[in-house]
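Now for the letters of each chain:
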Amino acid sequence: MTVAIIVHGGAKTISKGKEQPNKDGCLAAVQAGWEILQRGGDAIDAVEAAIRVLESDQTFNAGFGSTLNSEGEVEVDAAIMESMNFGWGSVAAVQGVRHPISVARKVMEDKPRLLVARSGERFALEHGLELCAKEDLVSEEQKQEWEEEAEVVDRPNTVGCVALDVNGRLVAGTSTGGVTDQNQGRVGDTALVGCGLYADGRGACSTTGDGESIIPVVLAKTAVDFLSGNAASMNGIVACHPEKAAEKAIEVLKQRVPGEAGCILLDRDGQIGWAYNSQDMAVAYMSDDLQQPAVFIRKEQDLAIA
């Protein structure tokens, strides 16, 4: 059985000064997940490990380094979904949680549901997960931009990971700090199954971008449906490779709603695809077919990193 993993650091605009940090962060995340997969570990562990790396890196809009809401606070959302038991778990608008992806996983294992705000925070406390003062998740860069009401040149966005393990389990995960200066309590696509992520026996997808655009087109489910031809049956289009499925899903979004988005996709054979309509999208992936991880900032770049 092929094993594979792909991570994204967000569909966004990446300034010159942030290109290397985005590459380094995505590479570190994919390596953390790959280490688990290559020794026969579970895709759930791999996805969690990869996203925890991104949540710890202030380059990315997840965990530490998340954007600040209208009150100058960090509120985070995260979700995880796996294919074998159709399990899923989500948290949204939670504060003081060091690794929201780990809370989402624990929710999935306890009882699939979405926990919001204080209920998610209480769940994390009751299950001994990593908590912190809510101020500890505010990076200096995000604080300065919020205080100065500065134009965000390097627009941050949601991170995610998709993995396939040796047992054929597909897992998708997403994590985000939301949108800069968003209303307190606003919840986007990240925590919503079918929108910010999706996984079943055909494939798995994690999305990134403008949540209010991703939600109405159910972007993650749409991308997975294209793998089997379901999403496009009305147009006479047959099943396709994950790369083409990702492109078609983004095209659906472009045709129906305004906004930027991206998605990463794996099928049950470990084939990889990704697409976006933003200026840039930070991506890294690794599979049995590669000698070393591939790292990208945009499509025309294909940098193999030792």
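Report on the accompanying structure. (Residues numbered from 1 in each chain as written. Predicted model: local features only at pLDDT ≥ 70, side-chain atom pairs only at ≥ 80, totals over all residues. Heavy atoms only, no water.)

This paragraph deals with the overall build of the chain. Of regular secondary structure, the chain possesses 8 helices and 13 strands. Overall size of the chain, expressed as C-alpha extent along the three principal axes, is 50 × 40 × 40 Å. For the chain, the proportion of contacts with a sequence separation of at least 24, taken over those separated by at least 6, is 66%. Element-wise, carbon and sulfur atoms account for 46% of the exposed surface of the chain, whose accessible area totals about 12000 Å². Positive and negative charge centroids in the chain, built from 27 and 46 side chains respectively, lie 4 Å apart. (Helix = DSSP H or I, 4+ residues; strand = E, 2+ residues; numbered from the N terminus. Contact = heavy atoms within 4.5 Å. Areas by Shrake-Rupley, 256 points an atom, 1.4 Å probe, with all protein chains shown as cover. Lys, Arg positive; Asp, Glu negative; His and termini not counted. Charge placed at Lys NZ, Arg CZ, Asp CG, Glu CD.)

Attention now moves to the packing of helix α3 (residues 100-110) against helix α4 (residues 118-126). Direction vectors running N to C along α3 and α4 enclose 80°, while the axes themselves pass 10 Å from each other. With respect to α4, the axis of α3 lies roughly perpendicular. Contact residues: α3 offers V103, K106, V107 and D110, while α4 offers G120, F123 and A124. Of the residues belonging to the contact of α3 with α4, the class tally is 4 nonpolar, 1 polar and 2 charged. (Axes fitted to C-alpha atoms, helices over the stretch in contact; angles between N-to-C directions. Parallel < 35°, antiparallel > 145°, perpendicular 65-115°, else oblique. Nonpolar A, V, L, I, M, F, W, Y, C, P; charged D, E, K, R; others polar.)

Quick look at helix α8 (residues 242-256) now. For α8, spanning 15 residues, the distance from its first C-alpha to its last is 21 Å, which sits close to the expected 21 Å at 1.5 Å a residue. P242, A245, A246, A249, I250, V252 and L253 are the residues of α8 that are buried. Taken down its axis, α8 places every buried residue within 145° of arc, on the same side. Where α8 is buried, its residues contact α6 (211-214), α7 (219-228), β9 (261-267) and β10 (272-276). (Expected span 1.5 Å × (residues − 1). Buried < 20%, exposed > 50% of the residue type's maximum accessible area, 1.4 Å probe, protein only. Arc of directions from axis to C-beta.)

Turning our eyes to something else, we now look at the sheet that holds β9. Strand order across the open sheet formed by 4 strands is β7-β8-β9-β10, with antiparallel pairing between neighbours. Whereas interior strands pair on both sides, the edge strands pair on one side only; in this sheet they are β7 (197-199) and β10. Averaged over all adjacent pairs, the angle separating strand axes in this sheet is 10°, with direction ignored. In terms of strand pairing, β7 meets strand β8 (residues 203-209) through 3 bridges, oriented antiparallel. (Pairing = 2+ DSSP bridges.)

Another point: the nonpolar core. One finds I5, V7, L37, I80 and V103 to be the most contacted residues of the largest nonpolar core, which totals 49 residues. Of all hydrophobic cores here, the second largest spans 45 residues; its members include I6, L170, I250 and I272. (Core = buried A, V, L, I, M, F, W, Y, C linked by side-chain atoms within 4.5 Å.)

What follows deals with the packing of aromatic side chains. On inspection of all chains with the given rule, the structure shows 4 aromatic pairs. Taking 6.2 Å as the distance between ring centres and 85° as the angle between the ring planes, the aromatic pair formed by F86 and Y198 counts as edge-to-face. A residue pair is termed long-range when its members are at least 10 positions apart, and F86 in the loop between β2 (76-82) and β3 (88-94) and Y198 in strand β7 qualify at 112 residues. Of the residues examined, F86 reaches a relative accessible area of 44% and is grouped as partly exposed. A residue is classified by how much of its surface remains accessible, and Y198, at 8% relative accessible area, is buried. Through successive ring pairs, a cluster of aromatic residues spans W274, Y276, Y285 and F296. The lysine or arginine in question, K221, covers the ring of Y198, its NZ or CZ lying 5.6 Å from the ring centre. (Phe/Tyr/Trp six-rings, centres within 6.5 Å; stacked < 30°, edge-to-face > 60°. Lys NZ or Arg CZ within 6 Å of the ring centre and 35° of its normal.)

Okay, unusual backbone geometry next. In this structure, D181 is a non-glycine residue whose phi angle is positive, near 65°. Here D181 lies in the loop between β6 (170-176) and β7. With relative accessibility at 46%, the residue D181 sits in the partly exposed group. The phi angle at V218 is positive, at roughly 45°, despite the residue not being glycine. In this fold, V218 is placed in the loop between α6 and α7.

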